[in-house]
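Breakdown of the fold
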Amino acid sequence: MEVTRYYFKCPKCGAPLDIYYEREFSRDKLIGEGYGIVKYRGILPEFRVYTSIGEGETPIVYNDSEKIYFLLEHLNPSGSFKDRGAALTLSYIKSYFGSGIELVEDSSGNAAISYTLYSALSGYRIHIFMPNNAPIGKKKLVEALGGVLHLSEDRDRAHNDALNYSDNYSGLYIGHLYNPFFILGLETIIYHIYRFLDRIEHIFIPFGSGTLYLGIYRALETLIENGLLNKRPSLYIVEAAGYSKISRILGLRDKGYSKYLDGIKVSHLPRREEVLNSIKKYNVKTFIVDDILAARALKKLFKYGYIVEPTSAVGYAAYSLARDEGYIRRGEDSLIILTGNGLKMLDTIYEMFSLLK
């Protein structure tokens, strides 16, 4: 299919699409010139223009007492790691589709905010479909950034409503659940931390629709295939209680439903087969985190100085479980990605902390 014709999924079988293009990897190209996704233009598809405001230039902080690298993705422009994927997606749209179109996305929060920000920067109007129970701060921020907000009964309904709106009103559906450019943008997380990768033994990944996990998995595979990484770090998927799509398939028991982990309360998983195949290949471990475990982890992250949202705490919660269960040996380093900013949902965080009283 031509790059100038947009499909959010295969028009014949309905499967998610991927991007195939020629690229040559080298250590020099992993550390290019410029800022944001522009820095990786030597290994990303070539665009006529880039919509970028420095996304991905996030700090990496090492905690020596716990042997953890914290990647502060909550300090991206819109407050989440999803800016990497949104920046690349809007660069593609701006390069090949010009002006005069409206965009459509469904999200529980962070992707909505990110897409709204980068759509505004690119000169596009975007319609955002969110569940009614999405955090108030996230809904308000979408409106403040100029997005047209549509509220749906729940997360699944938001997805269906977005697709129906796109079909009926000719909006371009760029939903991150399917969008291959979005996942490609998330690969840059691994390229960003490349200089530390040979020291990292374990990576903990919050898992909702699987985009972050697949970006990390694909980037690691690319580095290994190109001889730029000699060992695979152990990967851990972390799911919310009641929404453990992968863990249940693997036979783990799940009890209760999370109220506060909105960023990973997703039931739709378009790339399920790729996720399951990669889990077998990598021997990926999975953990299920409930609101109490997340609240304990979040409170400790606050004490470390990281004002992150509840979903960001699940990686740290799973790290503690993995350490207690013997997956992490003494002296081994781990990577925890702090995915979203807590300033968007302070009321929710205050309520969540009350669980610990």
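Right, let's walk through the structure included here.

What counts, and at which threshold
Residues numbered from 1 in each chain as written. Predicted model: local features only at pLDDT ≥ 70, side-chain atom pairs only at ≥ 80, totals over all residues. Heavy atoms only, no water. Helix = DSSP H or I, 4+ residues; strand = E, 2+ residues; numbered from the N terminus. Rg over C-alpha atoms; globule rule 2.2 N^0.38 Å. Buried < 20%, exposed > 50% of the residue type's maximum accessible area, 1.4 Å probe, protein only. Areas by Shrake-Rupley, 256 points an atom, 1.4 Å probe, with all protein chains shown as cover. Lys, Arg positive; Asp, Glu negative; His and termini not counted. Charge placed at Lys NZ, Arg CZ, Asp CG, Glu CD. Pairing = 2+ DSSP bridges. Axes fitted to C-alpha atoms, helices over the stretch in contact; angles between N-to-C directions. Contact = heavy atoms within 4.5 Å. Phe/Tyr/Trp six-rings, centres within 6.5 Å; stacked < 30°, edge-to-face > 60°.

**Focus on the overall build of the protein chain**
Along the protein chain, the regular secondary structure elements total 13 helices and 10 strands. Here the C-alpha radius of gyration of the protein chain, 19 Å, is about what a compact globule of 357 residues would show, namely 21 Å. Overall, the C-alpha framework of the protein chain stretches about 55 × 45 × 35 Å when taken along its three principal axes. Put simply, the protein chain has 357 residues, and 59% of those count as buried. Of the roughly 15,300 Å² that the protein chain leaves accessible, carbon and sulfur atoms contribute 47%. Averaging the coordinates of the 44 positive side-chain charges in the protein chain and doing the same for the 41 negative ones gives two points 3 Å apart.

**A few points about the sheet that holds strand 9 (residues 285-289)**
The six strands are arranged 1-2-10-7-8-9 in an open sheet whose pairing can be described as mixed. At either end of the open sheet lies a strand with only one pairing partner, and these are strand 1 (60-63) and strand 9. Neighbour-to-neighbour, the strand axes of the sheet open up by a mean angle of 25 degrees, direction not taken into account. Relative to strand 8 (residues 234-240), strand 7 (residues 200-206) is paired through five bridges, and the arrangement is parallel. By the bridge assignment, Ile205 is partnered in strand 8 with Ile237. Packing of helix 11 (residues 291-304) onto the sheet brings it into contact with strand 1, strand 2 (68-71) and strand 9, and relative to strand 9 it is tilted by some 90 degrees.

**What to know about the packing of aromatic side chains**
Within the structure shown, the criterion is met by 31 aromatic pairs. With a centroid separation of 6.4 Å and 50 degrees between ring planes, the pair formed by Phe47 and Tyr92 is classed as tilted. Here the residue Phe47 occupies a position in the loop between helix 1 (27-30) and strand 1, and Tyr92 occupies one in helix 2 (residues 83-97), the gap between them amounting to 45 residues. Residue Phe47 is classed as buried on the basis of its relative accessible area, which comes to 7%. Look at Tyr217 and Tyr282: their rings are 5.3 Å apart centre to centre, the planes differ by 75 degrees, and that puts the pair in the edge-to-face class. A residue pair is termed long-range when its members are at least 10 positions apart, and Tyr217 in helix 8 (residues 211-225) and Tyr282 in helix 10 (residues 272-282) qualify at 65 residues. Residue classification places Tyr282 among the buried positions, given a relative accessible area of 10%.

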